[in-house]
Amino acid sequence: MQYRRARVAGGCYFFTVVTRDRCKLFVDEFSVSVLRSAFRTVMVKRPFVINAAVVLPDHIHCVWTLPAGDADFSTRWRLIKAYVTQRLSDYAATRLIRPTGNNRVGRSVWQHRYWEHLMHDESDYSAHIDYIHFNPVKHGYVSRPVDWPYSSIHRYVADGQMPEDWGANGLDLQENTGRE
């Protein structure tokens, strides 16, 4: 099957990237710091803006804006995933994934593919930002979005773009914003 990806130079995209077999990989500061390091390392040679992000134990949601004239998010994801896999495969195999028949050290810790969505307009963008920030509540990890440590909501609150109690009483999110 041939997958078609929307490729717009300088575009703004929403992504959902999932760990292999929904392994709860990002459960501690060490694994999240490896992911952060992967993003920083890739951004040096292939710049992009992370508009919003949330890291949950078994998946990531984020919105990126690519530079003008550049539509290559696939290479960026390949490099990020390879960086994390290289640094966490032994850790995952020994501490987080109990080795079984299909969990071998050295295999990627990620699902092979990911979900991507090209933003259509400001309303679409806002809905996806809300979806990202509310996701830890949706999955039952916290009761308020600001209580989740691995979320860009903290930056939005600090910049005055969202109140600290945003989403504390629930939200009416559009269901078409993410695939999990």
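The structure we're discussing is the one just above.
Residues numbered from 1 in each chain as written. Predicted model: local features only at pLDDT ≥ 70, side-chain atom pairs only at ≥ 80, totals over all residues. Heavy atoms only, no water.

Looking at this structure, I do not really get the overall build of the chain. What am I missing?
Helix and strand content of the chain: 4 helices and 4 strands. Listed by position from the N terminus, the elements making up the chain come as β-α-β-β-α-β-α-α. Sequence separation of 24 or more characterises 73% of the internal contacts of the chain that already satisfy a separation of 6 or more. Of the roughly 9,400 Å² that the chain leaves accessible, carbon and sulfur atoms contribute 50%. (Helix = DSSP H or I, 4+ residues; strand = E, 2+ residues; numbered from the N terminus. Contact = heavy atoms within 4.5 Å. Areas by Shrake-Rupley, 256 points an atom, 1.4 Å probe, with all protein chains shown as cover.)

Which parts of the structure should I look at to understand the pairing of strand β3 (residues 59-65)?
On a regular strand, each side chain points to the face opposite its neighbour's, so the side chains alternate between the two faces of the sheet. In terms of residue burial, β3 counts as a mostly covered element, since 6 of its 7 residues are buried. Relative to β3, strand β1 (residues 12-18) runs antiparallel, the two sharing 7 bridges. Residue pairing for β3: Val17 is matched across the bridge by Ile60. Of the strand pairs in this sheet, strand β2 (residues 49-56) and β3 are connected by 7 bridges, and their pairing is antiparallel. Bridging from a neighbouring strand, Ile50 pairs with Trp64 of β3. Here β2 folds back onto β3 in antiparallel fashion, the turn holding 2 residues. (Buried < 20%, exposed > 50% of the residue type's maximum accessible area, 1.4 Å probe, protein only. Pairing = 2+ DSSP bridges.)

What should I look at first to understand the packing of aromatic side chains in this one?
Think of a pair of aromatic rings as described by two things: how far the centres are apart, and how the planes are tilted against each other in angle. Enumeration over the complete set of coordinates arrives at 17 aromatic pairs. When the centroid spacing of 4.8 Å and the interplanar angle of 55 degrees are considered together, the rings of Phe15 and Trp64 count as tilted. Residue Phe15 is found in strand β1, and its partner Trp64 is found in strand β3; the two are separated by 49 residues along the sequence. A relative accessible area of 0% places Phe15 in the buried class. Overall, Trp64 belongs to the buried group, its relative accessible area being 0%. Put simply, the rings of Tyr13, Phe15, Phe39, Phe48, Trp64, Phe73, Trp77 and Tyr114 touch in pairs and so form one group of aromatic residues. Arg7 extends its terminal NZ or CZ atom over the ring of Phe73, reaching a point 4.9 Å from the ring centre. Lying across the ring of Tyr83, Arg87 places its NZ or CZ 3.6 Å from the centre. (Phe/Tyr/Trp six-rings, centres within 6.5 Å; stacked < 30°, edge-to-face > 60°. Lys NZ or Arg CZ within 6 Å of the ring centre and 35° of its normal.)

Is there a simple way to explain the sheet that holds β3 in this structure?
Two orientations exist for strands paired in a sheet by backbone hydrogen bonds: parallel and antiparallel. Judged by pairing direction, the sheet is antiparallel, and its 4 strands sit side by side in the order β2-β3-β1-β4 without closing on themselves. Each having just a single partner strand, β2 and β4 (115-118) make up the two edges of the open sheet. Strand after strand, the sheet turns through a mean of 10 degrees between neighbouring axes, direction not considered. In this structure, β1 lies alongside β4, joined through 4 bridges in antiparallel fashion. Opposite Tyr13, over in β4, you have Leu118 as the bridge partner. Along the sheet, helix α1 (residues 29-45) contacts β2 and β3; its crossing angle with β2, the most-contacted strand, is approximately 160 degrees. Contacts from helix α3 (residues 122-138) reach β1, β2, β3 and β4 within the one sheet, and its direction differs from that of β2 by about 30 degrees. (Axes fitted to C-alpha atoms, helices over the stretch in contact; angles between N-to-C directions.)

That is the geometry; function is a separate question.
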